[in-house]
Structure formats: structure tokens, C-alpha cells
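Observations on chain architecture
So the chains spell out like this:
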Amino acid sequence: MLPIDLTGRRALVAGVADDGGFGFAIAKALAQAGATVCVTTWPPALNILHNLLERGKMDESRRLADGSLFSFEKIYPLDAAYDTLDDVPQEVREGKRYRGVGDFSIDGLVKGLVADFGDKPLDIVVHSLANGPEVRKSLVDTSRAGYLAALAVSSYSLVSLVQRLGPHLRPGASVLSLTYMAGERVVLGYGGGMSSAKAALESDTRVLAYEAGRRWGIRINTISAGPLASRAASAIGIVDFMVQYCGANAPLTGSLDAMEVGNVAAFLASPLASGMTGSTVYVDRGYHAMGMAVSDSVMPPFARVAALENASKE
């Protein structure tokens, strides 16, 4: 038996607002392997997560194999668009969705972790953060502001997290992010600079793996996950079609389960993957290997293209 044992390790999963996305699935897999798990949530969604937990709406999804419910050790507010609180515009800081939540910047998160758990608080960091305000626009129609916003939250935030957390990670720590195939191939309807952000994230994974590996001895990898119809992904507008299309054309047919990604994340965070860094690991039921569609059952070809183009204009 070769178990994944993360007992005694503490993880931070940045980007959990409910139990429907990859971030939650990764948190659950890490807890199942024995880790204690802290999470971050976008400030406007903080009350939603607390309410879901307090009302028992997430009890079933938090149930582990032994029947127990895992809990988040701490929930931190985080808006990954800001490195420090001084970077936050006053109207945002004083807005009703942010008022009273404390320092929700990346720097504030790091200071909070150190204050709560000491100078070396973490063994595992998971970057499950992405936002593209113009994701439904074609790249050619994307504004400079929309493009840069997508890169700031979806890719640069990983650089900022590693930069600030690196000195505070325990020996042998693992950092993991989530990417998508649109970073290397055209996916119609996945616009607004999000494809560019994912390409940057994969490139940054390789460079950071070298730099952070030499400086702090930590590992950095990224999982290229297949599409998932989560609440966050609904912003894309065509995510249901993406799920159906990949499920029909992947070598392993059917929809990807979020826990399939969570389990691979637990492996990458464990000592079993101690020799892996700078890698993009595909967890998409093999869809990345395909060069031609094999099923037209989801939608006729011409209707498919028209639907994607119309969705990008909405």
C-alpha cells in the first residue's frame, strides 16, 4: 500500500466560495489525506460561504470517507487583485461588500497566516483564482483594462503569492495552481484575455519552479483541468457546452468529476511527488490528446460554431 499521507501538514487553498468548484474539491482531498486546511474567499462572497457552512448546506459535501465532516481551520478574505491594502482604491475599501473584513490583500493574507500560525505556517499552497471581467468578449474585442485585469488576478497573483509566502513555507513545501487548455490552444468563447492569462500562468509555473526551488526549496506545479460547470465558471457563458463537448470527444467519455482533480492535487502536494516541479499535469479525461472531434452528437458542426460566436458577443 502506498498511501498519500499529509498528516501534520497545513494547506492554504486560495479561492473557495462554495462546494461546487475545484478549490473545494482540492481542499476536501487534502483533508481526506490528513492535512488541516485554511481557505481564502473573495470578500463579497465571504458571507455566502459562512452562511452555507452555518446552515449545514455543505455538510454532505464535507463528509469524508470515515463519515466525519472536515472543517476549514481558518477562512481568510482575499481579493487577489491587490498586493497590499494601499493598492486598493478608497471607494472599494469603503464599499459595503468590503467594509469591515480587514486586510484582504495578498500581503494582508500572509501577515494573517504568520500571526495565526507562526513564521512557517504552511506546507501546501493552492492557487485556485481566476477572473476575467470580459471573458465573454473575443480577444480582438477585449479592452486593455479587461485584458490586464484577467492577467492580474488569474496569473500575476500566483507570482505575488509565491513572492510573499516563499520565505514562510516549510521545507519541501508544494505550490499548485489550476490552468486550462485554452492557454495553449484556441477555445472559442473563452475570451477577454483569459487564454493569455492561462498561458502566462503555465509559463510562470516553469520559471517560478526554478527560482523558488533554488531560493526556498519549494515545488511549483499546475494542473490543466477539464471544464467544470461550477458557479464561478458560469461567467464564461458556454461552460455547459464545453463540458458536454469534451465529455463526448475525450478518450475517457463523460464529464470530469471535481474530485478527480482534487485527488491529483493531493498527490502533487505529497512526498510521493517530491521529484515533480515545473510541470503542467493534465486532468481532463485525456481531451488534450485529441486533434479532431470524434462526436457530433452534442451539436451539429455549423450550429456549434454559430453558438460559440453568438455567446462571445453576448
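For the structure, see preceding data.
Reference entry: report on the structure contained in this document. (Residues numbered from 1 in each chain as written. Predicted model: local features only at pLDDT ≥ 70, side-chain atom pairs only at ≥ 80, totals over all residues. Heavy atoms only, no water.)

1. Points about the sheet that holds strand 2 (residues 36-41)
The criterion, for reference: Between any two strands, pairing holds if DSSP finds at least two bridges. What counts as a helix is a DSSP run of H or I of at least four residues, what counts as a strand is a run of E of at least two, and both are numbered from the N terminus. Here an axis means a line fitted to C-alpha atoms, over the contact stretch when the element is a helix, while the angle between two N-to-C directions is reported on a 0 to 180 degree scale. Only heavy atoms matter for contacts: two residues are in contact if any of them lie within 4.5 Å across the pair.
Strand order in this open sheet of seven strands is 3-2-1-4-5-6-7, and the pairing throughout is parallel. Because the sheet does not close on itself, it has two edges, and the strands there are strand 3 (72-77) and strand 7 (280-283). The mean inter-strand angle of the sheet, taken between neighbouring strand axes irrespective of direction, is 20°. Pairing of strand 1 (residues 10-14) with strand 2 involves five bridges; the strand directions are parallel. Note that in strand 2 the partner of Ala-11 across the bridge is Val-37. Contacts between helix 1 (residues 22-32) and the sheet are confined to strand 1, strand 2, strand 3, strand 4 (122-127), strand 5 (169-179) and strand 6 (219-225), with strand 1 contributing the most and set at about 170° to the helix. Contacting strand 1, strand 2, strand 3 and strand 4, helix 4 (residues 106-117) runs over the sheet at an angle of about 150° to strand 3.

2. Re the side chain of Ser-174
The following threshold applies: We define a polar contact as two N or O atoms separated by no more than 3.5 Å, with the added condition that, inside protein, one atom must be a possible hydrogen donor and the other a possible acceptor, whereas residues neighbouring each other in sequence contribute only through side-chain atom pairs.
By the element assignment, Ser-174 lies in strand 5. Within the local environment of Ser-174, its side chain forms a polar contact with the backbone oxygen of Leu-268, the two atoms lying 3.4 Å apart. In contact with Ser-174, not counting residues within four places along its chain, are Asp-123, Ile-124, Val-125, Arg-219, Leu-268 and Ala-269.

3. Digging into the pairing of strand 5
Rule in force here: Only protein chains enter the area calculation, which uses a 1.4 Å probe; residues under 20% of their type maximum are buried, those over 50% are exposed, and those in between are partly exposed. When the strands point away from the viewer and the connection leading from the first strand across the helix to the second strand turns clockwise, the crossover is called right-handed.
Across the 11 residues that make up strand 5, a large majority, eight, are buried. Two elements, strand 4 and strand 5, share five bridges in a ladder whose sense is parallel. Its bridge partner lying in strand 5, Val-126 is registered against Leu-176. Once the chain exits strand 4 it traverses helix 5 (residues 144-165) before rejoining the sheet at strand 5, and the crossover so formed is right-handed. Here strand 5 pairs with strand 6 via six bridges, running parallel. Paired with Leu-178 across the two strands is Ile-223, which belongs to strand 6. For the crossover from strand 5 across helix 6 (residues 194-216) to strand 6, the handedness is right-handed.

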